[in-house]
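Spelled out from the first residue to the last, the chains are:
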Amino acid sequence: MSSSKPPTPARPATMKSTYVTGPGTTAVLDVPTPEVGPRDALVKVRACGICGSDSFYVSLGGLPGREGHTPLGHEPAGEIVELGAEVTDLRVGDHVVVNPMAAPTGIIGSGGSTGGLSDYLLIEDAEVGRSLAVVPDHIPWEVAALNEPMAVARHAVNRTAPKPGDKIVIFGAGPIGLGAAISYMAAGAGSIVVVDVIPERLELAREIGVDDVIDSRTENVTERLVEIHGEGETRRGVRKAASDIYLDAAGAAPVFGAVTAAATHGATVGIVGVHKNPVELDLGQLLGSELTIVLSMGYPTEIFEVTRDIVANWEKYAVIVSDVIPFGDVEQALTLAATPGAADKVVVVFD
């Protein structure tokens with residue numbers, strides 16, 4: 001389709017793209033700007049989030065098969081600047097978010113041949129609803145770039161199968177935990193409580209509208225949950241909270257113990273936080289609780305399901321972005337995102 005917007009400047013022959021160049025090292029390289037095939041779309045990247053997995057790839061020196069030359073960035077949002085002749089459901093000037101899993105040459109920014117921390121990104125076999133989705137022009141670029149991580153959060157929520165009125169407990173007020181809280185709101189949760197050890201993160205949880213927060217450094221989680229959600233079925237003389245769903249978005253070893261201490265018979269426990277070390281489970285103690293434990297990874301169907309909610313509630317999602325850094329400082333942004341406690345959600349923005 002033709003665009004009513006002003007013509008886009010000619011595509012440059014080369015562009016800047018961010019690569020892992022070795023263990024612990026990155027560089028911004030000059031590479032050829034992709035050529036657009038008949039079914040492709042070329043996106044001028046306007047924002048790209050940095051994920052914890054990016055720091056992992058950097059520490060490894062790249063991913064297998066691309067060691068020392070792994071393009072980074074799998075959370076891009078941008079503007080279409082060129083379309084192949086066979087693409088009919090998009091137009092030049094559309095603002096889009098991207099499904100990095102759909103790229104036929106490998107996952108964008110996660111082992112594939114392209115990365116979103118680049119001036120331009122080629123979307124091969126561009127198709128609305130499969131490889132990308134259009135978002136309204138008023139959504140800030142740094143918020144649109146949350147689409148991919150928020151799909152991870154939405155999948156975690158879906159895995160716990162919430163019902164309207166359920167009482168929810170989320171451990172971890174990082175980006176995934178906060179995104180999950182917003183998704184539980186959309187699902188009609190009756191009450192959402194967020195648990196963390198960092199007061200500033202708990203304030204962010206309050207800002208997006210959760211019902212209550214618990215600082216687990218200074219408060220007894222079970223007792224506070226009993227106060228907030230009521231008392232569940234007592235087990236072996238131990239008080240339990242009447243919370244229906246617990247979500248571990250922290251990936252910290254003490255979380256599961258705190259959950260099993262509080263959870264009443266038949267509660268659901270979801271795990272989306274990445275645990276880097278083994279966690280010991282007392283299955284004998286757990287047996288009688290009949291907890292439903294579900295694990296969550298990725299977003300099999302949620303990548304554009306969550307887009308509608310981001311569009312409708314973008315001001316809430318904007319709270320999740322802690323740092324916005326220009327692409328000219330992308331290497332500093334990667335260092336910031338990899339430094340524990342230095343930032344929550346770093347998004348790189350482009351001119």
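Scroll up for the structure.
Read on for a plain summary of the structure. Everything numeric here is computed off the predicted structure, so don't read it as measured data.

**A few points about the packing of aromatic side chains**
Right, so step 1: The full count for this structure, using the stated rule, is 2 aromatic pairs.
Right, so step 2: On the basis of an interplanar angle of 25 degrees and a centroid distance of 4.4 Å, the ring pair of F327 and F350 is categorised as stacked. Here F327, found in the loop between β15 (323–326) and α11 (330–338), pairs with F350, found in the segment after β16 (346–349); they are 23 residues apart in sequence, far enough to count as distant. The pair F327 / F350 is uniform in exposure class, with both members buried.
Right, so step 3: One residue, K44, lies across the ring of Y120, its end atom 5.7 Å from the ring centre.

**Regarding the layout of surface pockets**
Right, so step 1: The computed volume of the second largest pocket comes to approximately 220 Å³.
Right, so step 2: Around the second largest pocket, the lining residues are R235, R236, V238, K240, T260, A261, A263, Q285, L286, G288, S289 and L291.
Right, so step 3: At the level of elements, α7 (254–262) and α8 (283–287) are the ones that each hand at least two residues to the lining of the second largest pocket.
Right, so step 4: Of the residues contributing to the lining of the second largest pocket, the split by class is 5 nonpolar, 4 polar and 3 charged.

**Let's talk about the pattern of salt bridges**
Two side chains that carry opposite charge are able to pair once their charged atoms sit near each other.
Right, so step 1: All chains considered together, the criterion is met by 19 salt bridges.
Right, so step 2: The closest approach of N and O atoms between E82 and R11, which form a salt bridge, is 2.9 Å. Pair noted here: E82 is in strand β5 (residues 76–83) and R11 is in the segment before β1 (14–22), with a separation of 71 residues, a long-range link.
Right, so step 3: R154 is the salt-bridge partner of D309, the closest N and O atoms lying 3.6 Å from each other. Separated by 155 residues along the polypeptide, D309 in helix α9 (residues 305–312) and R154 in helix α3 (residues 147–159) bring together distant segments of the chain.
Right, so step 4: D309 sits in the buried class, given a relative accessible area of 10%.
Right, so step 5: When salt bridges that share partners are traced, they join R206, D212, E219, R224 and E227 into one network.

**Let's talk about helix α6 (residues 221–229)**
Right, so step 1: Every buried residue of α6 is listed here: V221, T222, R224, L225, V226 and H229.
Right, so step 2: Those residues of α6 that are buried are in contact with β9 (167–171), β10 (191–196), β11 (212–215), β12 (245–248) and α7.
Right, so step 3: Capping of α6 at its N-terminal end is provided by N220; its side-chain oxygen lies 3.1 Å from the backbone amide nitrogen of T222.

**Things to note about the packing of α3 against α9**
Right, so step 1: Orientation of α3 relative to α9, taken along the N-to-C sense of each, is 110 degrees, at an axis distance of 9 Å. By the angle class used here, α3 and α9 are roughly perpendicular. Handedness of the α3/α9 crossing: right-handed. Counted together, N147, M150, A151, R154 and N158 of α3 and E305, V306, T307, D309 and I310 of α9 form the full contact between these two elements.

**Brief notes about the sheet that holds β10**
Right, so step 1: The strand order β11-β10-β9-β12-β13-β14 describes an open sheet built from 6 strands, whose pairing is parallel. If you trace the sheet from one side to the other, it starts and ends with β11 and β14 (292–295), each paired once. The average undirected angle you get between the axes of adjacent strands in this sheet is 20 degrees.
Right, so step 2: Pairing of β10 with β11, which is carried by 4 bridges, proceeds in the parallel orientation. Paired with V194 across the two strands is V213, which belongs to β11.
Right, so step 3: Along the sheet, α6 makes contact with β9, β10, β11 and β12, crossing β11 at roughly 165 degrees.

**Some words on a nonpolar patch on the surface**
Right, so step 1: There is a patch of nonpolar side chains on the surface, built from V279, L281 and L283 and spanning about 250 Å² of accessible area.
Right, so step 2: Within the fold, L283 resides in helix α8.

Calculation notes
- Residues numbered from 1 in each chain as written.
- Predicted model: local features only at pLDDT ≥ 70, side-chain atom pairs only at ≥ 80, totals over all residues.
- Heavy atoms only, no water.
- Phe/Tyr/Trp six-rings, centres within 6.5 Å; stacked < 30°, edge-to-face > 60°.
- Helix = DSSP H or I, 4+ residues; strand = E, 2+ residues; numbered from the N terminus.
- Buried < 20%, exposed > 50% of the residue type's maximum accessible area, 1.4 Å probe, protein only.
- Lys NZ or Arg CZ within 6 Å of the ring centre and 35° of its normal.
- 1 Å grid on protein atoms, 1.4 Å probe; cavity = no way out; pocket = protein on both sides within 12 Å on 5 of 7 lines; lining within 4 Å.
- Points joined across faces, edges and corners; volume = space filled by probe spheres on them.
- Nonpolar A, V, L, I, M, F, W, Y, C, P; charged D, E, K, R; others polar.
- Salt bridge = Lys/Arg side-chain N within 4 Å of Asp/Glu carboxyl O.
- Contact = heavy atoms within 4.5 Å.
- Polar contact = N/O pair within 3.5 Å; in protein donor to acceptor, adjacent residues only side chain to side chain.
- Axes fitted to C-alpha atoms, helices over the stretch in contact; angles between N-to-C directions.
- Parallel < 35°, antiparallel > 145°, perpendicular 65-115°, else oblique.
- Left-handed = near helix turned anticlockwise from the far one by under 90°.
- Pairing = 2+ DSSP bridges.
- Patch = residues over 30% accessible without salt bridge, like charges linked within 9 Å, V, L, I, M, F, W, Y side chains within 5 Å.
- Areas by Shrake-Rupley, 256 points an atom, 1.4 Å probe, with all protein chains shown as cover.

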